[in-house]
Amino acid sequence: MIEARGLHKRFGSVPVLRGVSLEIARGEVVAIIGPSGSGKSTLLRCLNHLETIDSGSIAIEGETLVSTDAAGRCSYASERDLRGIGRKTGMVFQHFNLFPHLTVLENITLAPVDVLGLASDVARTRAEALLAKVGLKDKAGSYPARLSGGQKQRVAIARALAMEPDIMLFDEPTSALDPELTGEVLRTMRQLAEERMTMLVVTHEMGFAREVAHRVVFMDQGELIEAQRAADFFAHPQHARTRAFLQHML
Ligand code: ADP
Ligand code: MG
């Protein structure tokens, strides 16, 4: 579903991704963990084309988003193809990013109507089904300001799902939440995983990584240090930097 090879990215003179390669299979749930500033968000944003890479290649479901030739020239797909490839992934952010002036229902139907060209009654029916799925059926007419953080994040998940992505990218979806609200969001994500959604999840929730993810990836200083099956990752971390990080987290 995702094939990323040798990704390099700098912000000015600061290297943020230094040769990151990652493959994700259909239905796989992969957790990315690592210290703050290690490049986790940047990696997700590059996969979703919210950031451009300097070199390397990314293919989503076999379609090339960006590639780099032997001379080191990096080239992206056409605007039209980029839009199509971009729609294969949905993203959920730490800070929800809901539109404050739109109701919950309008937040969810906006892109399906404007971008996919869905009829508004069809978009509404689908949005209502998604709200039921995330346990917020009764909040369709509410504005985001009236919701708790956990409810906002579940709306954000429903909004991403409304575009019918094949892959969901989550960037620390529970990091901005009070501890008592993380459970409801993690439950929604666990349910998606059980439905075999392909998911790449940046998280500090080690319990979620251990129980829900098939594979865990550790990043540090722009590098992918190790990737292992979740059980092996926690039982036998290979790299000293991974062990040091886990000791700090667990
Ligand atoms: P993480 O998500 O692992 O905390 P990030 O990908 O957000 O890490 O950031 C990696 C590094 O890139 C950090 O040093 C951060 O300051 C820097 N960085 C991230 N985004 C930008 C940006 N838009 N401009 C400049 N530097 C950035
Ligand atoms: Mg981040």
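These lines cover the structure that appears in this document, whether it is placed above or below.

Rules used throughout
- Residues numbered from 1 in each chain as written.
- Chains lettered and ligands numbered in written order.
- Predicted model: local features only at pLDDT ≥ 70, side-chain atom pairs only at ≥ 80, totals over all residues.
- Heavy atoms only, no water.
- Disulfide = S-S within 2.5 Å.
- Pairing = 2+ DSSP bridges.
- Helix = DSSP H or I, 4+ residues; strand = E, 2+ residues; numbered from the N terminus.
- Near = heavy atom within 4 Å.
- Polar contact = N/O pair within 3.5 Å; in protein donor to acceptor, adjacent residues only side chain to side chain.
- Areas by Shrake-Rupley, 256 points an atom, 1.4 Å probe, with all protein chains shown as cover.
- Nonpolar A, V, L, I, M, F, W, Y, C, P; charged D, E, K, R; others polar.
- Core = buried A, V, L, I, M, F, W, Y, C linked by side-chain atoms within 4.5 Å.
- Buried < 20%, exposed > 50% of the residue type's maximum accessible area, 1.4 Å probe, protein only.
- Contact = heavy atoms within 4.5 Å.
- Phe/Tyr/Trp six-rings, centres within 6.5 Å; stacked < 30°, edge-to-face > 60°.
- Salt bridge = Lys/Arg side-chain N within 4 Å of Asp/Glu carboxyl O.
- 1 Å grid on protein atoms, 1.4 Å probe; cavity = no way out; pocket = protein on both sides within 12 Å on 5 of 7 lines; lining within 4 Å.
- Points joined across faces, edges and corners; volume = space filled by probe spheres on them.
- Axes fitted to C-alpha atoms, helices over the stretch in contact; angles between N-to-C directions.

The next thing to look at is the state of the cysteines. Under the criterion given, the structure shown has 0 disulfides. Cysteine Cys46 remains unbridged, with the sulfur of Cys74 as its closest cysteine sulfur at 9.8 Å.

Two elements, strand 1 (residues 2-11) and strand 4 (residues 55-60), share 5 bridges in a ladder whose sense is antiparallel. Residue Ala4 lies in a different strand from strand 4, and its bridge partner there is Ile58. As judged from the 3 bridges shared by strand 4 and strand 5 (residues 63-68), these two strands associate in the antiparallel manner. By the bridge assignment for strand 5, Ala59 is matched with Thr64. In sequence, strand 4 turns back onto strand 5 through a hairpin of 2 residues, with Glu61 there showing a positive phi of about 50°.

Quick look at the site of ligand 1 now. Around ligand 1, the neighbouring residues are Phe11, Val16, Pro35, Ser36, Gly37, Ser38, Gly39, Lys40, Ser41 and Thr42. At a separation of 3.0 Å, an oxygen atom of ligand 1 approaches a polar backbone atom of Gly39. Protein contact buries 57% of the 560 Å² of open area that ligand 1 shows by itself. The element that contributes the greatest number of residues to the shell around ligand 1 is helix 1 (residues 40-47), accounting for 3 residues. Residues that form the shell around ligand 1 fall into these classes: 3 nonpolar, 6 polar and 1 charged.

So, on to the nonpolar core. With 48 residues, the main nonpolar core has Ile157, Met168, Phe170, Met189, Met199 and Val216 as its most contacted residues. Beyond its immediate sequence surroundings of up to four residues, Phe170 is in contact with Leu44, Val92, Ile157, Met189, Leu192, Met199, Leu200, Val201 and Val202. Grouped together as the second largest cluster of nonpolar side chains are 29 residues, Leu43, Leu47, Ile60 and Leu65 included.

What follows covers the packing of aromatic side chains. Scanning the entire structure with this criterion turns up 2 aromatic pairs. Taken together, a centroid distance of 5.2 Å and an interplanar angle of 40° make the contact between Phe218 and Phe245 tilted. You can see Phe218 sitting in strand 10 (residues 215-220) and its partner Phe245 sitting in helix 9 (residues 240-249), a full 27 residues away along the chain. For the pair shown, Phe218 and Phe245 are each scored as buried.

Inspection of every chain in the model, using the stated rule, returns 17 salt bridges. Glu51 is the salt-bridge partner of Arg45, the closest N and O atoms lying 3.6 Å from each other. The exposure class of Arg45 is partly exposed, given its relative accessible area of 27%. Under the relative-accessibility criterion, Glu51 is labelled buried at 18%. Across the salt bridge formed by Glu164 and Arg126, the nearest N and O atoms sit 3.5 Å from each other. With Glu164 in the loop between helix 5 (149-161) and strand 8 (167-171) and Arg126 in helix 4 (residues 120-133), this pair connects stretches of sequence that are 38 residues apart. The network of salt bridges with common partners includes Arg18, Asp220, Glu223 and Arg241.

Take the environment of Phe99 next. Among the structural elements, Phe99 can be located in the loop between strand 7 (89-92) and helix 3 (104-114). Exposure remark for Phe99: the relative accessible area of 33% places this residue in the partly exposed category. Put simply, Phe99 and Ala235 are 136 residues apart on the chain and 42 Å apart in space, counted from C-alpha to C-alpha. Not counting chain neighbours up to four residues away, the residues in contact with Phe99 comprise Asn107, Leu110, Pro144 and Arg159.

So, about the layout of surface pockets. Approximately 690 Å³ is the volume found for the largest pocket. Contributing to the lining of the largest pocket are 26 residues, with Asn48, Gly86, Thr89, Met91 and Met163 lying nearest its centre. The set of elements that each furnish at least two residues to the lining of the largest pocket consists of helix 2 (79-86), strand 7, helix 3 and helix 5. For the lining of the largest pocket, a count of residues per class yields 15 nonpolar, 7 polar and 4 charged.

To continue, consider the sheet that holds strand 3 (residues 29-33). On the basis of which strands lie adjacent, the open sheet formed by 6 strands has the order 7-8-9-3-10-11 and mixed pairing. At either end of the open sheet lies a strand with only one pairing partner, and these are strand 7 and strand 11 (223-229). Adjacent strand axes in the sheet meet at a mean angle of 15° when their direction is disregarded. Where strand 8 lies against strand 9 (residues 198-202), 5 bridges are found, and the strand directions are parallel. Counterpart to Phe170 in the pairing with strand 9 is Val201. Sitting on the sheet, helix 1 is in contact with strand 3, strand 7, strand 8, strand 9 and strand 10, with an inclination near 150° to strand 8. The strands that helix 6 (residues 179-194) touches are strand 3, strand 8 and strand 9; relative to strand 9, the one it contacts most, it runs at about 150°.

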